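Survey of secondary and tertiary structure
These are the residues of each chain, in order.
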Amino acid sequence: MTEEMIDFLAKLVAIPSISADREMAGESLKTANFIKDNLEKLGAEVKLVDNLMKDKNPLILARLGNDPAKKTIICYSHYDVQPASKDDGWDTEPFEMTVKDDGYMYGRGTNDDKGPITALYFALKELLEVGELPVNIGFLYEGEEESSSGGFEETVEANLDFYGDVDGIIVLDTSWFGTETPSMDYGFRGIVYVTIKITGPNADQHSGLVGGTIREPMTDLSYLFTKLIDLEGKILIDGFYDNVKEMSDAEAALYENVEFDMDAHKKFLGVDRMISDDPKKVLMNGWRNPCLSIHGVQGAFYGPGAKTVVPGTVIGKVSVRIVPDQQPAEIADKFVKYIQSEFDKLNSPNKLIVESIGEGDWWYGDVDNFLFKAGDRAILEYWKIKPSYARSGGSIPIIPFMEKIFKAPAIGLGVGQSTDGAHSQNERLRIKNLLGAKEVLKLMLQEIAR
Ligand code: MN
Ligand code: MN
C-alpha cells in the first residue's frame, strides 16, 4: 500500500495546480478531476462545483456514506498549491516528486495539502476494504486556499444542503508544531489590516527645494508609527485589550506539552533575543496574545542610493493579529479612531485617510470535545506519544466560517512536520508522516464512532 500511496501523491504533485496563476486554471481543473475520479472509485458521490466568484477554481464536494445512525464528519483540504520553479533554488523539479534516501518525498504540495489529501484517501480505502466506514464522510476541497480562499464562503453557503447534518470538521491543512511530537491545532488568530494614507504636496518634491518649508507626509507617518506599539510589543491603541480573554488554568496547562526549543528557534530566525526569555511566554505571545506589525510604506523611497525625494503621498501598511474575544469590526473601528485622534494631535496641514482593508476572524476550538478526545487517543495509540495541542499565530478565517455554517466544531490534525517548508523551496513530506496520518485518521474515525 505504501508504494501505491506514494504513487498517488506523485501523480497529484505532477499537476501544477497553482491558484495564484490564472493561466494554470486548466491544471487546477485537472487536479480536481483526478481527485473526483478517485473519490468516485471509493463509491463517493462527487460534485465539482463552479466557484461563485469569477475566475476562481471549482470546489470539490463529496459524500461517502449516508447512514443517519452514524456521525457525519467533514474533511477539509485544498488542492491548490503555491507557485514553484526549479530556478527559485529547488534541488529537484518541484512538480516531479522525488523520493530521497532521507525518507522524505520532495515536491510542491507534498506537505500542503496533497499529502494530507492522499492520507485521507488511503485511510478510507483501507477502512472500506475491511468493512463499513465508522462515520459518514463529507469532503470539502477548495482550489483557492493559497489565494485567500476566494469564493469559498459564498459557494459553500449555496451548496449547504449537499452535506445534511454535520457533527464535526477535520481540517487537514496543518503541520506538527515541531518535528517529533504529533500535534492537533485548536486555534488561529484573526487579522485586521489597516492602511494609513497621508497626502501633502500633489506630487513628489525635491528636498533641497521644499525641505524645511512644508510638513512632510513621511514625518507625520513616522510619528504615527511610534504611537502604535511600545518596544515590548504592547499595543497602544485605546481599549485594544478590552475583550482579550483571560487565560484559564486549563488553557495554561496546554503549554506544558509543546515541543519548542527556543535556542534552536532563535538560531533559525537569526536573532539574539526574543521579547521574553520564557519559552512559554513566547508561545503565548505568538498564539494567544494579539500583536501588531508595521509592514511597509507605499510611496516612500526604498531603493539603493541616496535619492533626495520628499514623497507627496505615503501609505503605511499595518496589521494586527487578533484573538478571542476581540471582534474584527470592533478592532478595526478602534484602530481607525485612534489613528485619527493621534493625527489630530499632530496639527498637520496634510490629509489623512485611514481605513481597514481586510478583516478575518480568529478560531478557538474546544479541546474537550469528541474530536480532540478521538484525535488524542488515536495519536497515542499509533505514535505512542502524547500529542501537543498547538495554535498558530496565522489566520485561517474559513475555519470559524465552517464551524458557524455547519453548526459543528472543528479540529486541525497536523500531518507533516514544521520543517517541511510548506511554501518554500524543497517542500517535502516524510513517508513516515504520510503513513502515520493515514493510520491516525483510521483510528480517529473509529474513535469518533465509539
Ligand atoms: Mn495549506
Ligand atoms: Mn499553504
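Residues numbered from 1 in each chain as written. Chains lettered and ligands numbered in written order. Predicted model: local features only at pLDDT ≥ 70, side-chain atom pairs only at ≥ 80, totals over all residues. Heavy atoms only, no water.

1. Thoughts on the coordination of the manganese ion (ligand 1)
In an ideal octahedron of six donors the angles at the metal are 90 or 180 degrees, and in an ideal tetrahedron of four donors they are 109.5 degrees. Looking at the manganese ion (ligand 1), the protein donor atoms are His-78 (NE2), Asp-112 (OD) and Asp-173 (OD), and they sit 2.0 to 2.2 Å from it. Along the chain, the residues donating to the manganese ion (ligand 1) are arranged with the sequence spacing H-x33-D-x60-D. A separation of 3.2 Å is found between the manganese ion (ligand 1) and the manganese ion (ligand 2), which share Asp-112 as a coordinating residue. One end of the pair, Asp-112, is in helix α3 (residues 110-130); the other, Asp-173, is in strand β7 (residues 168-175), with 61 residues separating them in the sequence. Pair check on accessibility: Asp-112 and Asp-173 agree, each one buried. (Donors = N, O, S within 2.8 Å, 3.2 Å for Na, K, Ca; no water. Helix = DSSP H or I, 4+ residues; strand = E, 2+ residues; numbered from the N terminus. Buried < 20%, exposed > 50% of the residue type's maximum accessible area, 1.4 Å probe, protein only.)

2. Concerning the domain arrangement of the chain
Here the chain is partitioned into domain 1 (2-188 + 362-449) and domain 2 (190-244 + 290-360). Of note, the centres of domain 1 and domain 2, computed from C-alpha atoms alone, are 38 Å apart. Counting residues at the interface gives eight residues for domain 1, matched by 10 residues for domain 2. Summed over both partners, the interface of domain 1 with domain 2 buries about 620 Å², with 60% contributed by carbon and sulfur atoms. Contact with domain 2 buries surface across domain 1, with Trp-362, Ser-395 and Pro-397 losing the most and accounting together for 76% of the total. Put simply, domain 1 and domain 2 have zero salt bridges between them. Along the contact surface separating domain 1 from domain 2 lie four residue pairs in polar contact (both at pLDDT 80 or more). A breakdown of the residues in the side of domain 1 that touches domain 2 according to their chemical character gives four nonpolar, three polar and one charged. (Domains from an automatic or database assignment. Contact = heavy atoms within 4.5 Å. Buried area = accessible area lost by both parts, 1.4 Å probe. Salt bridge = Lys/Arg side-chain N within 4 Å of Asp/Glu carboxyl O. Polar contact = N/O pair within 3.5 Å; in protein donor to acceptor, adjacent residues only side chain to side chain. Nonpolar A, V, L, I, M, F, W, Y, C, P; charged D, E, K, R; others polar.)

3. Observations regarding the packing of aromatic side chains
One pass over the full model with this rule turns up 19 aromatic pairs. An angle of 15 degrees between the planes, with centres 4.6 Å apart, marks the rings of Phe-8 and Tyr-121 as stacked. With Phe-8 in helix α1 (residues 2-13) and Tyr-121 in helix α3, this pair connects stretches of sequence that are 113 residues apart. Each of the two residues, Phe-8 as well as Tyr-121, counts as buried. Relative to Tyr-241, the ring of Phe-240 lies with its centre 5.4 Å away and its plane at 80 degrees, an arrangement referred to as edge-to-face. Here a set of aromatic residues connected by ring pairs shows up, and it is made of Phe-8, Phe-34, Tyr-121 and Phe-122. Its guanidinium or amino end placed over the ring of Phe-370, Lys-71 lies 5.0 Å from that ring's centre, counting from NZ or CZ. (Phe/Tyr/Trp six-rings, centres within 6.5 Å; stacked < 30°, edge-to-face > 60°. Lys NZ or Arg CZ within 6 Å of the ring centre and 35° of its normal.)

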